[in-house]
Amino acid sequence: MNVKDLRLSGRKNHKENTIVKAKNVLFGSEKIVLIGGPCAVESEKQVEEIAKGVHGVSVYRGGSFKPRTSPYSFLGLEKEGIQILKKISEEHKIPFVTEITKIEDLDYFIENVDIIQIGARDMQNFELLKAVGRTKKPVLLKRGFGNTIEELLLSSEYILKEGNPNVILCERGIRTFENSERFTLDIGAISIIKRYSHLPVIVDPSHASGDPFYIESLSLAAIAAGADGLMIEIHNDPANALSDKDQALTIEQYNKLVEKIAPVAKAIGRSV
Ligand code: PEP
Ligand code: MN
């Protein structure tokens, strides 16, 4: 680990854990943050049904500018989707996170979005990192699936160096030779990040596994390993989801999972 360059993200000059505040939600406190919502915002009805049905979610998610592997896939509702998220988030008094893909949209995000997500594919888009670093908005920085933990921390350093201290890291699985799940969740990354950095770290078991079958065990493992939160994809009708339909939990599956998280959190002195 190149700790020398972790000038702002590292523990050397900053021993205490950082707490990042997004509206009424704290990342990195004793309370574990549950982020939930669809992969992509599809309609107001969809987001509203999910928001009404889920228990224990303290931040909504939903992609609106979608970086998709194929240009023929659903690419998101863009600004219209952000307005849907904003409306439902205000109604339920729950902040939301959504992904930015280009600097030109930054002013719009500053005005309308609570937490700005930088996706795995943009983890080393250094100009985008610097641009969000010049704001004070909380930034959820996802680990690239071909990137080391050191590279993730150095990417966070780009944001911090511009003056934005509000960075939340996210482990979302990396590409390995194992091909029985979508990616491989690097569970060890949580304690490695905690050892070298004071920044909060959450885990996304949905993109890691790509399959609801594994999401419960990965979620519980992540909490037991010290993650400060989870980000999980939920859909009101997974079979007809426009994006990542094979990995979305139903509202019922999600609510059952939340009940199982509480005792694990309690066992390590935390709450949900
Ligand atoms: C997402 O969280 O919407 C997403 C696209 O994930 P990732 O960037 O980790 O692939
Ligand atoms: Mn997705």
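Scoring rules and cut-offs
- Residues numbered from 1 in each chain as written.
- Chains lettered and ligands numbered in written order.
- Predicted model: local features only at pLDDT ≥ 70, side-chain atom pairs only at ≥ 80, totals over all residues.
- Heavy atoms only, no water.
- Helix = DSSP H or I, 4+ residues; strand = E, 2+ residues; numbered from the N terminus.
- Rg over C-alpha atoms; globule rule 2.2 N^0.38 Å.
- Buried < 20%, exposed > 50% of the residue type's maximum accessible area, 1.4 Å probe, protein only.
- Contact = heavy atoms within 4.5 Å.
- Areas by Shrake-Rupley, 256 points an atom, 1.4 Å probe, with all protein chains shown as cover.
- Lys, Arg positive; Asp, Glu negative; His and termini not counted.
- Charge placed at Lys NZ, Arg CZ, Asp CG, Glu CD.
- Phe/Tyr/Trp six-rings, centres within 6.5 Å; stacked < 30°, edge-to-face > 60°.
- Lys NZ or Arg CZ within 6 Å of the ring centre and 35° of its normal.
- Pairing = 2+ DSSP bridges.
- Right-handed = clockwise from strand over helix to strand, strands pointing away.
- Core = buried A, V, L, I, M, F, W, Y, C linked by side-chain atoms within 4.5 Å.

Chemist: Describe the overall build of the chain, listing the residues and the values that go with them.
Modeler: Regarding its fold elements, the chain presents nine helices and 10 strands. Against the globule reference of 19 Å for 272 residues, the chain gives a C-alpha radius of gyration of 17 Å, in line with a compact fold. The principal-axis extent of the C-alpha atoms belonging to the chain is close to 50 × 45 × 40 Å. Each of the 272 residues in the chain was classed as buried or not, and the buried ones make up 57%. The contacts in the chain between residues at least 6 apart in sequence include a share of 69% that link residues at least 24 apart. Carbon and sulfur atoms make up 53% of the accessible area of the chain, which totals about 11,900 Å². A distance of 5 Å separates the average location of the 36 positive side-chain charges in the chain from that of its 37 negative side-chain charges.

Chemist: A description of the packing of aromatic side chains should follow, citing residues and the corresponding values.
Modeler: The description of two aromatic rings rests on the distance between their centres and on the angle between their planes. This model, assessed by the stated rule, comprises four aromatic pairs. Between Phe213 and Tyr214 the ring centres are 5.3 Å apart and the planes differ by 80°, which places this aromatic pair in the edge-to-face class. One residue, Lys79, lies across the ring of Tyr108, its end atom 4.8 Å from the ring centre. The ring of Phe183 has Arg172 sitting right over it, with the charged end atom 4.2 Å from the ring centre.

Chemist: Residues and numbers for the pairing of strand E3 (residues 33–37), please.
Modeler: In terms of burial, E3 is a largely internal element, five of the five residues being buried. Burial of E3 is two-sided: the residues Val33, Ile35 and Gly37 facing one way and the residues Leu34 and Gly36 facing the other way are all buried. In the sheet, E3 pairs with strand E10 (residues 229–233) via five bridges, with the strands oriented parallel. Pairing of Leu34 across the sheet is with Leu230, part of E10. As paired strands, E3 and strand E4 (residues 59–61) are joined by two bridges and run parallel to one another. Bridge pairing links Ile35 to Val59 in E4. Crossover connection from E3 via helix H1 (residues 44–53) to parallel E4: handedness right-handed.

Chemist: A description of the nonpolar core should follow, citing residues and the corresponding values.
Modeler: One finds Ile118, Leu141, Leu169, Leu230, Ile232 and Tyr254 to be the most contacted residues of the largest nonpolar core, which totals 62 residues. For this core, the element with the most residues is helix H9 (residues 251–267), which contributes six residues. Not counting residues up to four positions away in its chain, the partners in contact with Ile118 are Ile100, Met123, Leu128, Leu129, Val132, Val139, Leu140, Leu141 and Lys142. Of all hydrophobic cores here, the second largest spans 14 residues; its members include Val20, Ile35, Ile115 and Met231.

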